[in-house]
Amino acid sequence: MRIGELARIVGVTTRAIRHYHHLGLLPEPERLGNGYREYGLRHAIELARIRRLTELGLGLPEVRDVLAEDAGRDLVEVLAELDADLARQETAIHERRTRLRALLSDAERGRLPSDGPLSPELSAFFGELGDELRDSPMAAKDREVLALIDTAAPPEDREHLMSVLLPALSGPDALTAARDVYARLDALADAPVDDPRVAGAARALAACVPPDLPTGEALAEGNTLLDTFLADFSPAQAEAVRLALRMAAEGGAP
């Protein structure tokens with residue numbers, strides 16, 4: 001195939017192909033007797049890989065490093081990887097469309113959450129908490145942080161978090177306990193750090209912490225995420241949360 005046909009097949013410009021030739025990213029075939037270069041399947045596969053890598057945000061020097069690591073693989077390996085990449089893209093698109101259809105359905109019923117588009121797992125979690133907690137400032141902060149994690153965390157981390165949180169609300173007294181914790185923490189909004197209610201709030205919170213949460217990691221020195229999370233809390237609230245995490249890491253509230 002000629003360079004124009006190659007460009008159309010892969011969805012790039014001929015100028016981009018020539019640029020990749022110049023940078024040594026894409027092998028440049030020898031000219032035939034008629035003066036034209038003849039491209040084959042291998043060129044199309046390698047060009048498609050370059051396109052995918054650049055669309056992922058890699059710079060051309062990084063693309064060169066990736067391609068160098070793949071040198072020497074046979075055509076079957078490359079084709080198998082392309083097929084696997086396409087399968088992952090299809091799965092991701094299906095998941096996004098499923099979430100979009102759920103959001104459209106909620107919007108048509110006037111139930112689109114004010115927190116913005118959320119995963120089905122987090123929407124279900126918020127639904128379990130109930131609308132009455134919307135007046136709790138502490139519950140609102142929790143929702144904002146969970147929405148951030150829902151958006152920014154890798155899918156496997158988000159799924160693990162939801163698998164830990166949702167069962168924590170399945171017990172008959174779980175929701176009552178959660179509401180009690182939010183009320184205790186809300187009451188510490190203007191309290192000093194040595195307020196005697198801090199210990200009680202910490203014990204109540206520690207009793208609600210699922211055992212599978214990595215509380216020890218959260219207490220590690222210089223944990224930026226935890227420090228950022230607690231920066232918006234009052235001193236008494238922050239102390240209650242840290243004390244609760246310490247209790248949970250040591251095996252539960254005393």
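Residues numbered from 1 in each chain as written. Predicted model: local features only at pLDDT ≥ 70, side-chain atom pairs only at ≥ 80, totals over all residues. Heavy atoms only, no water.

(A) Layout of the pattern of salt bridges. Here the structure, examined in full by the defined rule, presents five salt bridges. Asp180 is the partner of Arg184 in a salt bridge, and the nearest nitrogen-oxygen pair spans 2.9 Å. Separated by four residues within a single helix, Arg184 and Asp180 lie in helix H9 (residues 174-186), roughly one turn from each other. In this structure Arg184 comes out as partly exposed when scored by relative accessible area, which is 36%. (Salt bridge = Lys/Arg side-chain N within 4 Å of Asp/Glu carboxyl O. Helix = DSSP H or I, 4+ residues; strand = E, 2+ residues; numbered from the N terminus. Buried < 20%, exposed > 50% of the residue type's maximum accessible area, 1.4 Å probe, protein only.)

(B) Examining the environment of Arg179 more closely. If you trace the backbone, Arg179 turns up in helix H9. A relative accessible area of 28% places Arg179 in the partly exposed class. For the pair Arg179 and Ser136, spaced 43 residues apart in the sequence, the C-alpha separation amounts to 9.0 Å.

(C) Broad picture of the packing of helix H3 (residues 41-55) against helix H4 (residues 60-69). Two elements in contact, H3 and H4, have axes separated by 10 Å at closest approach and are oriented at 130°. Taken together, the axes of H3 and H4 lie oblique to each other. Where H3 crosses over H4, the two elements pack in a sense that is right-handed. Of H4, the residues touching H3 (which contributes Arg49, Ile50, Leu53 and Thr54) are Leu60, Val63, Val66 and Leu67. Each residue belonging to the contact of H3 with H4 can be placed in one class, and the counts come to six nonpolar, one polar and one charged. (Axes fitted to C-alpha atoms, helices over the stretch in contact; angles between N-to-C directions. Parallel < 35°, antiparallel > 145°, perpendicular 65-115°, else oblique. Left-handed = near helix turned anticlockwise from the far one by under 90°. Contact = heavy atoms within 4.5 Å. Nonpolar A, V, L, I, M, F, W, Y, C, P; charged D, E, K, R; others polar.)

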